[in-house]
Amino acid sequence: MASSHDAFRLTAQGAAVAEARRRVQARLWEWGVDDELSDDAGLIVSELFTNALRYGDSEKIACAVRVCDGVVRIEVTDGGTGLTVPQPRVAGLDEECGRGLLLVSVLSKAWGVLAGEGGRGRVVWAELGPADPCQ
């Protein structure tokens, strides 16, 4: 499969979450990625964008999606000044929030956090793809 790439920036507001999800899923469908993987990517983009919006303290949020050799890589970049590294946590049964990164870790093959360009903000990335045949 050929490599495909798209990148965009959206204003850091609530409507950006749905717009980012729609855009990523539309690109993946255009590139022939199967529906299940596209759906999982949509959920991951929603979670990462929500976190960037909630904790990123920035005016714009950037997103990049790339497909190479059947692996989908999603990167969401905020321009915030937060010093903490996003980590999954255990949410209480009655809490509405706190499960996003746990969901990302379950749906992705790998995920992580990198420092943003110039040390400002952070890039949270996730990779998805078909299951390894050896597993």
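Keep in mind the model is a prediction, meaning the values are calculated, not measured.

What counts and how
- Residues numbered from 1 in each chain as written.
- Predicted model: local features only at pLDDT ≥ 70, side-chain atom pairs only at ≥ 80, totals over all residues.
- Heavy atoms only, no water.
- Core = buried A, V, L, I, M, F, W, Y, C linked by side-chain atoms within 4.5 Å.
- Buried < 20%, exposed > 50% of the residue type's maximum accessible area, 1.4 Å probe, protein only.
- Helix = DSSP H or I, 4+ residues; strand = E, 2+ residues; numbered from the N terminus.
- Contact = heavy atoms within 4.5 Å.
- Pairing = 2+ DSSP bridges.
- Axes fitted to C-alpha atoms, helices over the stretch in contact; angles between N-to-C directions.

The next point concerns the nonpolar core. Membership of the largest hydrophobic core comes to 27 residues, with the highest contact counts inside it found for Val24, Leu28, Leu48, Phe49, Val72, Ile74 and Val76. Of all the elements in the fold, those that place two or more residues in this core are β1 (4-11), α1 (15-30), α2 (35-55), β2 (60-68), β3 (71-78), α3 (100-107) and β5 (122-128). At seven residues, the largest contribution of residues to this core is made by α2. Not counting the four nearest positions on each side in its chain, isoleucine 74 is found in contact with Ala41, Ile44, Val45, Leu48, Cys63, Ala64, Val65, Val124, Trp125, Ala126 and Leu128.

Side-chain positions along a regular strand alternate between the two faces of the sheet. The sheet contact formed by β1 and β2 spans eight bridges and is antiparallel. Across the sheet, residue serine 4 finds its bridge partner in β2, namely valine 67. Relative to β3, β2 runs antiparallel, the two sharing seven bridges. If you follow cysteine 68 over to β3, its bridge partner there is valine 71.

The next thing to look at is the sheet that holds β3. Overall, antiparallel pairing links the five strands, which are arranged β1-β2-β3-β5-β4 in an open sheet. Whereas interior strands pair on both sides, the edge strands pair on one side only; in this sheet they are β1 and β4 (110-115). Strand-to-strand twist across the sheet, computed as the mean angle between neighbouring axes with direction ignored, equals 15 degrees. Across the sheet, α1 is in contact with β1, β2 and β3; its angle to β1 comes to roughly 165 degrees. Here α2 sits on the sheet and contacts β1, β2, β3 and β5; the angle it forms with β3, its principal contact strand, is near 15 degrees.

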